[in-house]
Amino acid sequence: MAKILITSGPTRQYLDPVRFLTNASSGQMGAALAQAALASGHAVTIVTGPVHLDYPSAATVVHVVTTQEMLEACYRLFPDCDGLIGAAAPCDYRPTNVAATKIKKTGEPFNLELVETDDVVASMGRIKTPHQWLVGFALETDDARYRALTKLQQKCCELVVLNGPSAIDSKDNAVEVINSQGDVVLSHSGTKLEVAQHIIKLVDAQLILGNQANLLR
């Protein structure tokens, strides 16, 4: 049995008390991965942004709102886990200033200055031990495999799951899983639960069992 940390859903970056930046991630892939991992006998903790679904009751669920809150939760939880699957879609940008009161319409153009948020998976890649592993997700629209492999390398992942925009808020998904050599080690399409089951099976075979064998040497 492994202790797996899963990030799931979107995050929000507020502009004022009522408006925020976000995306259409639903958390369905994260929930499916948690269900598949639990069925394989693993202990699962989920760090989730705001979603409208129920996660498996056997999982420990930590609710966050912003990307910074997700990052802080992962910093706290990841050291006690064997690996992390980064299925969340954290907001990549935040406003430099958050208004204390609701921004009023003026009839003039509204200029919004944004800065990048810290990358959650890459941050875990910088602190992981030799016996921990990371599986990242890459949602790409062009140069997909190249961009996914670049993310894998930059974030110190063992595997990256490549999918496209059609996965957003959908019950189905089509993925390729790429390893650090650039090889496609899994290609599957179907419901998100079916895809998750194949991903967890691959993680079991290539990461969890491999790490356990190394520890016994």
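The text that follows walks through the structure, step by step, so that each part is easy to find.

Basis of the calculations
- Residues numbered from 1 in each chain as written.
- Predicted model: local features only at pLDDT ≥ 70, side-chain atom pairs only at ≥ 80, totals over all residues.
- Heavy atoms only, no water.
- Helix = DSSP H or I, 4+ residues; strand = E, 2+ residues; numbered from the N terminus.
- Rg over C-alpha atoms; globule rule 2.2 N^0.38 Å.
- Buried < 20%, exposed > 50% of the residue type's maximum accessible area, 1.4 Å probe, protein only.
- Areas by Shrake-Rupley, 256 points an atom, 1.4 Å probe, with all protein chains shown as cover.
- Lys, Arg positive; Asp, Glu negative; His and termini not counted.
- Charge placed at Lys NZ, Arg CZ, Asp CG, Glu CD.
- Pairing = 2+ DSSP bridges.
- Axes fitted to C-alpha atoms, helices over the stretch in contact; angles between N-to-C directions.
- Patch = residues over 30% accessible without salt bridge, like charges linked within 9 Å, V, L, I, M, F, W, Y side chains within 5 Å.
- Salt bridge = Lys/Arg side-chain N within 4 Å of Asp/Glu carboxyl O.
- Contact = heavy atoms within 4.5 Å.
- Disulfide = S-S within 2.5 Å.
- Core = buried A, V, L, I, M, F, W, Y, C linked by side-chain atoms within 4.5 Å.

1. Things to note about the overall build of the chain
- Scanning the chain from N- to C-terminus turns up 5 helices and 12 strands.
- Relative to the globule expectation of 17 Å for 217 residues, the C-alpha radius of gyration of the chain, 18 Å, shows essentially globular dimensions.
- Here the C-alpha coordinates of the chain stretch approximately 65 × 35 × 30 Å along the principal axes.
- Burial status across the chain gives 45% buried among its 217 residues.
- For the chain, the accessible area works out to roughly 11,400 Å², and carbon and sulfur atoms hold 51% of it.
- Where the 18 positive side-chain charges of the chain centre and where its 22 negative ones centre are 3 Å apart.

2. What about the sheet that holds strand 1 (residues 3-8)?
- Ordered in space as 5-4-1-6-9-10-11-12, the 8 strands form an open sheet in which the pairing is mixed. Each edge of the open sheet is held by one strand with a lone partner, namely strand 5 (60-63) and strand 12 (184-191). Neighbouring strand axes in the sheet, compared pairwise and without regard to direction, differ in orientation by 15° on average.
- Here strand 6 (residues 83-86) runs beside strand 9 (residues 133-139); their pairing, made up of 4 bridges, is parallel. Note on strand 9: the bridge partner recorded for Ile85 is Val135.

3. Some thoughts on a nonpolar patch on the surface
- Together, Tyr93, Phe110, Leu112 and Leu114 line one region of the surface with nonpolar side chains, adding up to about 380 Å² of accessible area.
- Counting through the fold element by element, Leu114 comes out in strand 8 (residues 114-116).
- Judged by relative accessible area, Leu114 falls into the partly exposed class, the value being 36%.

4. Topic: unusual backbone geometry
- The backbone phi angle of Asp143 is positive, close to 45°, even though this residue is not glycine.
- Position of Asp143 among the secondary structure elements: in the loop between strand 9 and helix 4 (144-154).
- Although it is not a glycine, Cys156 sits at a positive phi angle of roughly 60°.
- Assignment of secondary structure puts Cys156 in the loop between helix 4 and strand 10 (159-163).

5. Describing the pattern of salt bridges
- Scanning all chains against the criterion turns up 6 salt bridges.
- Taking the shortest distance from any N to any O, the salt bridge between Glu176 and Arg145 comes out at 2.7 Å. Linking Glu176 in strand 11 (residues 172-179) with Arg145 in helix 4, this pair joins segments that are 31 residues apart in sequence.

6. Describing the side chain of Thr66
- In this fold, Thr66 is placed in the loop between strand 5 and helix 2 (67-77).
- Residue Thr66 is classed as buried on the basis of its relative accessible area, which comes to 18%.
- With residues near it in sequence (within four places) discarded, Thr66 still touches Thr11, Arg12 and Gln13.

7. Structural notes on the state of the cysteines
- One pass over the full model with this rule turns up 0 disulfides.
- Free of any disulfide, Cys157 has its nearest neighbouring cysteine sulfur in Cys156, separated by 7.6 Å.
- Overall, the relative accessible area of 7% leaves Cys157 in the buried class.

8. Topic: the nonpolar core
- Grouped together as the largest cluster of nonpolar side chains are 32 residues, with contacts concentrated most on Ile4, Leu33, Ile85, Trp133, Val135, Phe137 and Ile199.
- For this core, the elements supplying multiple residues, two or more each, are strand 1, helix 1 (28-39), strand 4 (43-48), strand 9, strand 10, strand 11 and helix 5 (192-216).
- Element by element, the count of residues in this core is highest for helix 5, at 8 residues.
- In this structure, Val62, Ala138, Cys157 and Leu162 belong to the second largest nonpolar core, which totals 23 residues.

9. Some points on the environment of Leu193
- By the element assignment, Leu193 lies in helix 5.
- Put simply, Leu193 and Ala31 are 162 residues apart on the chain and 8.4 Å apart in space, counted from C-alpha to C-alpha.
- Once residues lying within four places of it in the same chain are set aside, the contact partners of Leu193 are Ala32 and Gln35.

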